[in-house]
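If you want the building blocks of each chain, they are given just below.
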Amino acid sequence: MREHDLAITLRYTLNGKAHTSVCPPGLRLLDLLRREGLTGVKEGCGEGECGACAVLVDNALVNSCLMLALQVDGRSVTTIEGAAADRELAELQVAFAREGGVQCGMCTPGMVLASGALLKRSPDPLDEEIREALAGNLCRCTGYVRIVKAVRSASQRLRAAGGQP
Amino acid sequence: MEPLRTGQSAPRPDAWDKVTGRAMYVDDLVPEGLLHGVTVRSPLPRARLKAIHFDPAFDWSEVVVVGAGDIPARNCIPVLDEDQPALAHDLISHAEEAVLLLAHADPLVAEDARRAVRLELEPLPAVLNLRAAMEHAARGDAPIHPRGAVVKDIRITKGEGQGPWASAALVLEDEAETGAQEQLYIETQGMIAWADEEQVTVTGSLQCPYYVQHGLCAVFDLPPERVRVIQAVTGGGFGGKEEFPTLLAVHAALLARKAKRPVKMVFDRPEDMSATTKRHPSLTRSRAAFTATGELLALEVDFNLDAGAYTTLSPVVLSRGTLHASGPYRCDHVRIHARAWATNTPPHGAFRGFGAPQSCFAIERLMDLAAQRLGLDPAEVRRRNLLRQGDTTATGQLMLEPIALEELLDQALEASRYHELRRDFAAANATAGPEDLRRGIGLATFMHGAGFTGSGEKRLASRAAVELGRDGVVRVLAASTEIGQGATTVFQQIVGEALGAGAEQVLVEMPDTARVPDSGPTVASRTTMVVGNLVDRAARALRAALTADGLPLEATPATVAQALRARGAARGPERWEEGYEHPGWVVWDEDRYQGDAYPTFAWAVYVARVAVDPLTGEAMVEDFTALQDIGHVVNPGLAAGQVEGGVAQGIGLALLEEVQWRQGRMSNNRLSTYIVPTSLDLPPMRVLFRETPGGYGPKGAKGLGELPLDGTAPAVLSALDQAIGVRLTRLPALPEAILPCLTQAVEATHAGA
Amino acid sequence: MTGPSARQAVVSATSLSHALDLLADAQRPARPFCGGTDLLVQAASGVVDPRRWVDISRIPELHGIGCDKGMLRIGAAESFARLRENALVKQHAPLLADCASQVGARAIQERATLGGNVGNASPAADSAPALIAHGAQLEVASTDGTRLVPVEEFFLDYRRTALRAGELITVVLLPVREGGIFWHRKVGTRRAQAITKVALAASGWWQRGALACRIGMASVAPIPMRCRATEAWLAVHAGETGWMHAAAGVLRAEITPIDDLRSTADYRREVAGNLLLAFLRRMEAAR
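### Brief notes about a nonpolar patch on the surface
Residue and element names in this part refer to chain B. On the surface, Leu 398, Leu 400, Trp 585 and Tyr 696 cluster together into a nonpolar patch covering about 350 Å² of accessible area. With respect to the element layout, Tyr 696 can be found in the loop between β27 (685-690) and α17 (707-724). A relative accessible area of 30% places Tyr 696 in the partly exposed class.

### Regarding the sheet that holds strand β19 (residues 506-508) of chain B
Residues and elements named next belong to chain B. A sheet is described by the order of its strands in space; here four strands give the open sequence β19-β18-β17-β20, paired in mixed fashion. At either end of the open sheet lies a strand with only one pairing partner, and these are β19 and β20 (574-579). Between one strand axis and the next, the sheet turns through 20° on average, direction left out of account. The sheet contact formed by strand β17 (residues 463-468) and strand β18 (residues 474-477) spans four bridges and is antiparallel.

### Here we look at the interface of chain B and chain C
Each side of the interface is counted separately: chain B has 37 residues, and chain C has 30 residues. Summing both partners gives a buried area of about 2700 Å² for chain B against chain C, and 53% of it is carried by carbon and sulfur. Among the residues of chain B in contact with chain C, Leu108(B), Leu615(B) and Glu736(B) are the three that bury the most area, contributing 23% of the side total. A salt bridge links Arg185(C) to Asp613(B), with the shortest nitrogen-to-oxygen separation between them at 2.8 Å. The interface formed by chain B and chain C includes 13 residue pairs in polar contact (both at pLDDT 80 or more). Within the residue set of the side of chain B that touches chain C, elements represented by two or more residues are α2 (107-115) and α18 (735-752) of chain B.

### Considerations on the interface of chain A and chain B
Interfaces are often described in size by the accessible area the parts lose on coming together. The partner chain B presents 49 residues to the 37 residues of chain A that form the contact. Between chain A and chain B, roughly 3400 Å² of surface is buried when both sides are summed, and carbon and sulfur atoms account for 57% of that area. The largest share of the area that chain A buries against chain B comes from Gln103(A), Arg131(A) and Arg140(A), three residues that together contribute 23% of it. At the junction of chain A and chain B, the tally comes to six salt bridges. A salt bridge links Arg146(A) to Glu644(B); its shortest N-O distance comes to 2.8 Å. For the pair chain A and chain B, the number of links is 24 residue pairs in polar contact (both at pLDDT 80 or more). Those elements that provide at least two residues to the side of chain A that touches chain B are α2 (87-99), α3 (108-121), α4 (127-133) and α5 (145-161) of chain A. Its residues assigned to classes, the side of chain A that touches chain B comprises 18 nonpolar, nine polar and ten charged.

### So, empty space enclosed by the protein
In this approach, a probe sized like a water molecule rolls over the atoms, and the result shows the empty space that is left. Residues and elements named next belong to chain B. Under the criterion given, the structure shown has nine cavities of 30 Å³ or more. Roughly 190 Å³ of internal volume is contained in the largest cavity. With three residues, helix α5 (residues 244-259) is the single largest residue contributor to the lining of the largest cavity. Counted by class, the lining of the largest cavity contains eleven nonpolar, six polar and four charged residues. The calculated volume of the second largest cavity comes to roughly 120 Å³. Forming the walls of the second largest cavity are 17 residues, and the residues nearest its centre are Leu 323, Ser 326, Thr 393, Ala 394 and Thr 395.

### Notes on helix α11 (residues 418-430) of chain B
All names here are of chain B. In a regular helix each residue adds 1.5 Å, so 13 residues correspond to 18 Å; α11 covers 18 Å between its end C-alpha atoms and thus fits that length. When we look at burial in α11, the residues that qualify are Tyr 418, Leu 421, Arg 422, Phe 425 and Asn 429. In a view along the axis of α11, the buried residues occupy a sector of 105°, so they form one face of it. Away from the buried face of α11 by more than 90 degrees, exposed residues Arg 423 and Ala 430 are located. Elements in contact with the buried residues of α11: α9 (378-383), α10 (405-416), β16 (438-449), β23 (601-612) and α17.

### Here we look at α2(A)
Between its terminal C-alpha atoms α2(A) stretches 18 Å, which fits the 18 Å expected from 13 residues at 1.5 Å a residue. By the burial criterion, the buried members of α2(A) are Glu88(A), Leu89(A), Leu92(A), Gln93(A), Ala95(A), Phe96(A) and Glu99(A). Tucked inside the fold, the buried residues of α2(A) contact β3 (54-57), β5 (76-78), α3 and α5 of chain A together with α1 (15-20) of chain B. The distance from a side-chain oxygen at the start of α2(A) to the backbone nitrogen of Glu88(A) is 3.1 Å, and the residue carrying that oxygen is Asp86(A). The positive-phi residue at the C-terminal boundary of α2(A) is Gly100(A), with phi of around 80°.

### What about the environment of Leu173(C)?
Residues and elements named next belong to chain C. In this fold, Leu 173 is placed in strand β10 (residues 168-175). As for Leu 173 and Trp 233, which are separated by 60 residues in sequence, their C-alpha atoms are 27 Å apart. Other than its neighbours up to four places away in sequence, Leu 173 contacts Met 71, Leu 72, Arg 73, Gly 135, Ala 136, Gln 137, Glu 139 and Leu 148.

### Some points on the nonpolar core
Ranked by size, the top nonpolar core spans 102 residues in total, and within it Phe96(A), Tyr606(B), Phe624(B), Leu655(B), Val716(B), Leu720(B) and Ile724(B) carry the most contacts. Each of domain 1 (3-81) and domain 2 (86-162) of chain A accounts for three or more of the residues forming this core. Beyond its immediate sequence surroundings of up to four residues, Val716(B) is in contact with Ala608(B), Val610(B), Val621(B), Phe624(B), Ile651(B), Ala654(B) and Leu655(B). Core analysis: the next-biggest nonpolar cluster, separate from the first, contains 69 residues, Leu172(B), Leu299(B), Ala340(B) and Leu421(B) among them.

### Some thoughts on the confidence of the model for chain B
Averaged over all residues, the pLDDT of chain B equals 96, while 99% of them reach at least 70. Reported for the predicted complex are a pTM of 0.98 and an ipTM of 0.97.

The rules behind the values
- Residues numbered from 1 in each chain as written.
- Chains lettered and ligands numbered in written order.
- Predicted model: local features only at pLDDT ≥ 70, side-chain atom pairs only at ≥ 80, totals over all residues.
- Heavy atoms only, no water.
- Patch = residues over 30% accessible without salt bridge, like charges linked within 9 Å, V, L, I, M, F, W, Y side chains within 5 Å.
- Areas by Shrake-Rupley, 256 points an atom, 1.4 Å probe, with all protein chains shown as cover.
- Salt bridge = Lys/Arg side-chain N within 4 Å of Asp/Glu carboxyl O.
- Helix = DSSP H or I, 4+ residues; strand = E, 2+ residues; numbered from the N terminus.
- Buried < 20%, exposed > 50% of the residue type's maximum accessible area, 1.4 Å probe, protein only.
- Pairing = 2+ DSSP bridges.
- Axes fitted to C-alpha atoms, helices over the stretch in contact; angles between N-to-C directions.
- Contact = heavy atoms within 4.5 Å.
- Buried area = accessible area lost by both parts, 1.4 Å probe.
- Polar contact = N/O pair within 3.5 Å; in protein donor to acceptor, adjacent residues only side chain to side chain.
- Nonpolar A, V, L, I, M, F, W, Y, C, P; charged D, E, K, R; others polar.
- 1 Å grid on protein atoms, 1.4 Å probe; cavity = no way out; pocket = protein on both sides within 12 Å on 5 of 7 lines; lining within 4 Å.
- Points joined across faces, edges and corners; volume = space filled by probe spheres on them.
- Expected span 1.5 Å × (residues − 1).
- Arc of directions from axis to C-beta.
- Core = buried A, V, L, I, M, F, W, Y, C linked by side-chain atoms within 4.5 Å.
- Domains from an automatic or database assignment.
- pLDDT = per-residue confidence, 0-100.

Below you can see the structure in the form of structure tokens.
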């Protein structure tokens, strides 16, 4: 039997719930997630340039097209489908919709997750820091203006609300 | 319940699905029994196809194979001409031309199959770019296209006799060049097709469902009732999904028909970039005569576009470019000769601006040259030549509408602190140290004709409808596609306002040719103005019916909802449909290219501030002011979003985005090698609107979507003039071109010292 | 669009000795896989790597950042995200912290590793100029033991390194040295997510009026290079009339840039000299 045919079993937390997957060892995390029905994770380029495939692994932003599924074994993965249950991500979803940060929507899941990763490590970022944090998520529709505005707005509201709910 | 209104930043009804990841784009759809289709493409730009070899070591038993011989009716994608085949059969006319289609249930096996096909090709001499096409024709070499070297030729002549060339104080010559630009929608092209002998159904990422239907009908010889096209949520288009999806839909349908199973074809990024359409490269040679005080007396423009291997949309791209070539300026003597040249490259196609960015670039560079030669400020040269109400354009169109260009200019100069900064930068640049950024501020004044040219809208004869369902919900039925620009939102607002209803009562349906009438393509900055008008009229007709039922004119949204539910329950579904009415005064002569080119124009002034790093020649736009008059702003938030996104693409065109060619094929077809702006490459933007009545859309709205692509790159290059002291005339202006200008300047200073 | 890596043979190593055994197996050629930001891009082209990939991302011995006997020790599997934020790296290897923040963008930084960047040996390697300027050494391990390789001797030719069969980079060591001038500039195709067109990192000390410096560059030769000829010239001539522009000339002659997809030889040459001048101006100001 060729080695790549040997399926592996992964146990990880997916959007807050314990999850088990069986897959070939070389499968990209992106392919695993989409196969599991999480079609909010998008493929834009397949080489880690556009960020449309970005997800959080242990709250760190990663391009799922450049990660092997087996590398999330024992870890926690958050996709856009898990945003509603996450404090920063849920606020960002509302802010993106309210502030015009969404046009065609294809970059949006990755962009919201990248913004969430930023606010988790830096709750009060200046615009330059926001732009730097999002520089790996390409948007062709908005020119980033209203995306930056949405992140700023979400960060203000989160800080005003204060503490964990 | 809030009433919907235009003129407000109403929220997008599609935003929530997009921020939750629930929106289903074509690659998210997985029908039962799906096969994955791939395309075998020519590696050579021009060749005779001698044979197709299938590796005998490969197991072909489960692979569906489609070649030109499998095409049921016509091997042709009819656009404006019928020269483009769906699949090449003996002659290859461009690299990446589709030759064979393959499908398999496992996408990796489909890729294996693609690698197991060998095309036997006999290379033929190829014409690889615009300059080569012009030289080729000048030598009298055999043309590569049945129509000859040029697939479309347009001439505009205004003014009699020799004109004032001999007596002018200043005569200038200039040459401006722009390269191809890739639309780079974040969602690549994709289609799913179901087909048999009787019918074809496709769903996919597209801008023009009826264009796709038209192409499928021709290839399969089926009537429109048997060909159904449904738009999937589309992740950006910008023109790149105007005509190409028809070809992809035909391919997917051919495979589906042979396989008797649904077939999905979704491009990966490298294939999308190298095989689909791009902005037409251009080369413009101009001559202009000015008075000593900067008035434009005469203009001659030789405007050339690289059409690629097939005609596709090049005649209309050329047309729009030609009609914008003299800019928003008054001039009594204008001669424009425009040509679209055939080359052996993948056909170039629609990209936001559609020929106008190319010709605007040339005229704006020329105006900046005139400013330099005459010792005038670039803003002043514009000011002395701006069109006014009552002037005529190069086609002899009498400008009936009020034109607020001068007011826009004043406002833009003030908002951007143009004069003050221009002085400051001149002083700072003169004493700049070796690591001090060199700065410049520059501008562009421009316009964009809204809707299809001349009698185009009349020919389209667009229709749109509203339907009152049994549930009391009003469904907007138009073929206009939501591709991110906010068409759905704008229609919801327009219809809601006409009815006096809230958002809960108005639903804009996803275009499905089985449901919506042909509202024309989602292009040409026409959606709000032309189709918005149609849905407005249809909604008003429905409202009139409710009034006849007894609904008071001052009814609240809740009362309107009640009335809709009552009528819907009793008489639904009921449909009100409206058709396009061409303004009677619009008179256009297509043969002589004279008359009223567009019923209305959007007018704009953009100001850019750039900083150049003398160590590296890297240019950064630090600030951008975008001012436009678009008649009526239906949704200020969305309109600003359109400008911001358009300016971003324009900055990419100006400074970053270069398509590199090797043997007629895009060699930098990856996102790591084709450089679009990231969030760190773009400035904050100041976007302002003016609303001077005169448009033909609801409440006088005009088109907006493409406008920003016309003036952004010229404004950036104008600013670069001041920053580096050299006027560059090629796009993109890369650091490799900028740095030598600075080095030259520094050396000159050193030499002097 | 399933990635072709789905057919790739991959095995996870649970410890350093397990990994080294797998890499030493002559019957089953293998290569290390960690962050994946280079390997999965290469895999995207569709050609399956016949070698087995050994996932080394969870090996504890390859992680950790600490100071010991005047050396900063960085585990080869440390990510650039960690490097840019780590207090010890910022203090003792400022050029490395700086280049780490300019690798790709955040999502790349979270995965791309120092060892992977060095081992991939692109002439444009983001960390190489900084490592050269800091005088870094690589600890390389195999089933036969460990050895140290100075970073500038690691790159032999275009994408060819001094790694022998079965060897793995385990630790990167940088000497802690105070009081120098450190300067780094990466010139890419845009301000983020950019492959280097030309980059220079330099460290320098004035020692009794003479300039001792180390200059590392990327994308101006088939390998990341240490500009020894320029360093040697500066050691003799720094401080003479017109020395800075003359040094730029020496550098421009020492490097061998080419025209490629990203830029031109002329541009790279011109910018390389300008970057050196910027460093030398700072050295001059500190004299």
